[in-house]
Amino acid sequence: MPVLNGDIMKWARETAGFSMEEAAAKLKLNGNRSCTGEQKLAAFESGDNGVSSAVLEKMSKVYRRPLLVFYLAAPPAVASRGTDFRTRPGNVGLSDNPNLDALVRNVIIRQSLLRSALEDDETAPLPFVGSMNEVNDAPKLAAEIKDKLAFELQDFRAQKDISAAFHYLRQKIEQLGVFVLLNGDLGSHHTKVEPTDFSGFAIADNIAPVIVINAYDAKSARSFTALHELAHIFLGSTGLSSYESDNNIEKFCNKAAGAILLPTQDLHVFDGTAPDTLLDQVETAARDWNLSNSMVAYCLYLHNRIDRQTWQELAREFKARWDATNSRQHRPGGPQYLV
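From a predicted model like this one, the values you see are computed outputs, not experimental measurements. (Residues numbered from 1 in each chain as written. Predicted model: local features only at pLDDT ≥ 70, side-chain atom pairs only at ≥ 80, totals over all residues. Heavy atoms only, no water.)

Student: When you look at the overall build of the protein chain in this model, what are you seeing that I'm missing?
Tutor: The helix and strand tally for the protein chain stands at 13 helices and 7 strands. Burial statistics for the protein chain: of 339 residues in total, 46% are counted as buried. Of all intrachain contacts in the protein chain linking residues separated by at least 6 positions in sequence, the fraction that spans at least 24 positions is 69%. Accessible area for the protein chain stands at about 17,400 Å²; split by element, carbon and sulfur atoms hold 50% of it. (Helix = DSSP H or I, 4+ residues; strand = E, 2+ residues; numbered from the N terminus. Buried < 20%, exposed > 50% of the residue type's maximum accessible area, 1.4 Å probe, protein only. Contact = heavy atoms within 4.5 Å. Areas by Shrake-Rupley, 256 points an atom, 1.4 Å probe, with all protein chains shown as cover.)

Student: Help me understand the environment of glycine 6 in this model?
Tutor: With respect to the element layout, glycine 6 can be found in helix H1 (residues 6–15). Among the residues examined, glycine 6 registers a relative accessible area of 6% and is labelled buried. For the pair formed by glycine 6 and alanine 74, sequence separation is 68 residues and the distance between their alpha carbons is 9.1 Å.

Student: Would you mind going over the packing of aromatic side chains with me for this structure?
Tutor: Throughout the structure, instances matching the rule amount to 7 aromatic pairs. Relative to tyrosine 168, the ring of phenylalanine 151 lies with its centre 5.9 Å away and its plane at 50 degrees, an arrangement referred to as tilted. Note that phenylalanine 151 is positioned in the loop between helix H6 (138–149) and helix H7 (153–158) and tyrosine 168 in helix H8 (residues 162–175), a separation of 17 residues in sequence. Its relative accessible area of 3% is what places phenylalanine 151 among the buried residues. Tyrosine 168 sits in the buried class, given a relative accessible area of 12%. Residues tyrosine 301 and tryptophan 311 carry aromatic rings whose centres are separated by 4.8 Å and whose planes lie at 5 degrees to one another, so their mutual orientation is stacked. With tyrosine 301 in helix H12 (residues 293–302) and tryptophan 311 in helix H13 (residues 308–327), the pair connects residues that are 10 residues apart, well separated along the chain. Taken together, Phe151, Phe156 and Tyr168 form an aromatic cluster joined through their ring pairs. Over the ring of tryptophan 289 we find arginine 157, and its NZ or CZ is 4.1 Å from the ring centre. (Phe/Tyr/Trp six-rings, centres within 6.5 Å; stacked < 30°, edge-to-face > 60°. Lys NZ or Arg CZ within 6 Å of the ring centre and 35° of its normal.)

Student: Please explain a positive patch on the surface as it appears in this structure.
Tutor: Side chains of Lys26, Lys28, Lys58, Lys61 and Arg64 sit close together on the surface and give a patch of like positive charge. In this fold, lysine 28 is placed in the loop between helix H2 (20–26) and helix H3 (37–46). Since its relative accessible area comes to 59%, lysine 28 is described here as exposed. (Patch = residues over 30% accessible without salt bridge, like charges linked within 9 Å, V, L, I, M, F, W, Y side chains within 5 Å. Salt bridge = Lys/Arg side-chain N within 4 Å of Asp/Glu carboxyl O. Lys, Arg positive; Asp, Glu negative; His and termini not counted. Charge placed at Lys NZ, Arg CZ, Asp CG, Glu CD.)

Student: Help me out: how do you make sense of the packing of H6 against helix H9 (residues 222–235) in this one?
Tutor: Helices that pack against each other are described as a pair by the angle of their axes relative to one another and the distance between those axes. Direction vectors running N to C along H6 and H9 enclose 100 degrees, while the axes themselves pass 11 Å from each other. As summarised for this structure, H6 and H9 are arranged roughly perpendicular, according to the angle between their axes. In this structure, H6 contributes Leu141, Glu144, Ile145, Lys148 and Leu149 to the contact, and H9 contributes Leu227, Leu230, Ala231, Phe234 and Leu235. Across the contact of H6 with H9, the residue classes tally to 8 nonpolar, no polar and 2 charged. (Axes fitted to C-alpha atoms, helices over the stretch in contact; angles between N-to-C directions. Parallel < 35°, antiparallel > 145°, perpendicular 65-115°, else oblique. Nonpolar A, V, L, I, M, F, W, Y, C, P; charged D, E, K, R; others polar.)

Student: What should I look at first to understand the environment of glycine 200 in this one?
Tutor: Relative to the assigned elements, glycine 200 resides in strand S3 (residues 200–203). Taking relative accessible area as the criterion, glycine 200 reaches 0% and is therefore assigned buried. Taking the C-alpha atoms as reference, glycine 200 lies 5.4 Å from valine 212; in sequence the two are 12 residues apart. When sequence neighbours within four positions are dropped, the list of residues in contact with glycine 200 reads Val212, Thr225, Glu229, Gly239, Leu240 and Ser241.

Student: Teacher, can you tell me more about the packing of helix H10 (residues 248–261) against H12 here?
Tutor: At a minimum axis distance of 10 Å, the contact between H10 and H12 shows a crossing angle of 110 degrees. By the angle class used here, H10 and H12 are roughly perpendicular. Pair H10 / H12 crosses with left-handed handedness. Counted together, Asn254, Lys255, Gly258 and Leu261 of H10 and Met295, Tyr298, Cys299 and Leu302 of H12 form the full contact between these two elements. (Left-handed = near helix turned anticlockwise from the far one by under 90°.)

Student: What is the right way to read the pattern of salt bridges from this model?
Tutor: If charged atoms from side chains of opposite charge come close, those side chains can pair. Under the definition given, this model contains 10 salt bridges. Here aspartate 266 makes a salt bridge to arginine 157, at a shortest N to O gap of 2.8 Å. Of this pair, aspartate 266 sits in the loop between H10 and helix H11 (275–289) while arginine 157 sits in helix H7; the two residues are 109 residues apart in sequence, bridging distant segments of the chain. When its relative accessible area of 18% is taken as the criterion, arginine 157 is described as buried. Salt bridges sharing common partners tie together Arg115, Glu119 and Asp205.

Student: Quick question: what am I supposed to make of unusual backbone geometry here?
Tutor: Residues other than glycine predominantly adopt negative phi, and peptide bonds predominantly adopt the trans conformation. In this structure, glutamate 122 is a non-glycine residue whose phi angle is positive, near 55 degrees. Topologically, glutamate 122 is positioned in the loop between helix H5 (98–120) and H6. Owing to a relative accessible area of 71%, glutamate 122 belongs among the exposed residues under this scheme. One non-glycine residue with positive phi stands out, namely alanine 150, at about 55 degrees. With respect to the helices and strands, alanine 150 occurs in the loop between H6 and H7.

Rendered as structure tokens:
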């Protein structure tokens, strides 16, 4: 059995988020009278014992790393993943969520392959990528995005439902040269990444820009997320996004997306101050305009029509309703077949 660099095995385990005990159990390293499973793994990682090809294949699968990685002389350098814009209380980083880390890594690899193919075809750079900066006001960025997309708000709102409205917007974005992906796991719902961990991810590349939208988020939220991430691409900022971030760039992108989907002149329909009245008004507007309830409430907060506490109360109520509806689609033992 070959004796490989134990540092690579240790790096692969740690970046997958497993302790020695957890990894030994996942790898099914059974102990005996003289050696426990964790001790066997420790011997592999220290280089004291050689590793069989069968165990290496298990490591590759469990740690979600290509088999060839384990034959490198040293752990590979971490590729740039852009900026983490998810600054909010209780937020987790990539290293704290192995599934999210793997998902971002896979997207970056796919994007690099896509870029290489487009470069081989001598595809011209896209001039709008990085063409704006955060000192521009949000309405100006919104107007620039609408112009480049040839986006018509009345056409978006005229679509039969939120899915059709998102399809309309997605076509516009992809015609601009930006690839839009719906992804939220590593190929199975067992590895899903919650929308609270990330709502979107943008790669602001001038040859192959990519937007990733968390497929496990509400369908009604996808259009806002797509425009939010497109704003990042216009700013030239690659990174992860999530809800309720206090990051200035996130707020700026939220304002731009909101200005496109819910312009200021439409806010006159919201004249209620009582929570129940606001709930009804927001739900009606969201339904009529193919938007999410939470997004409409957030835009009201951005335009100072409601205070932060009222917005948060509305957001919690809409989140609870969405969770209740979503849970009814599942039964014990996993989701229904159609889900």
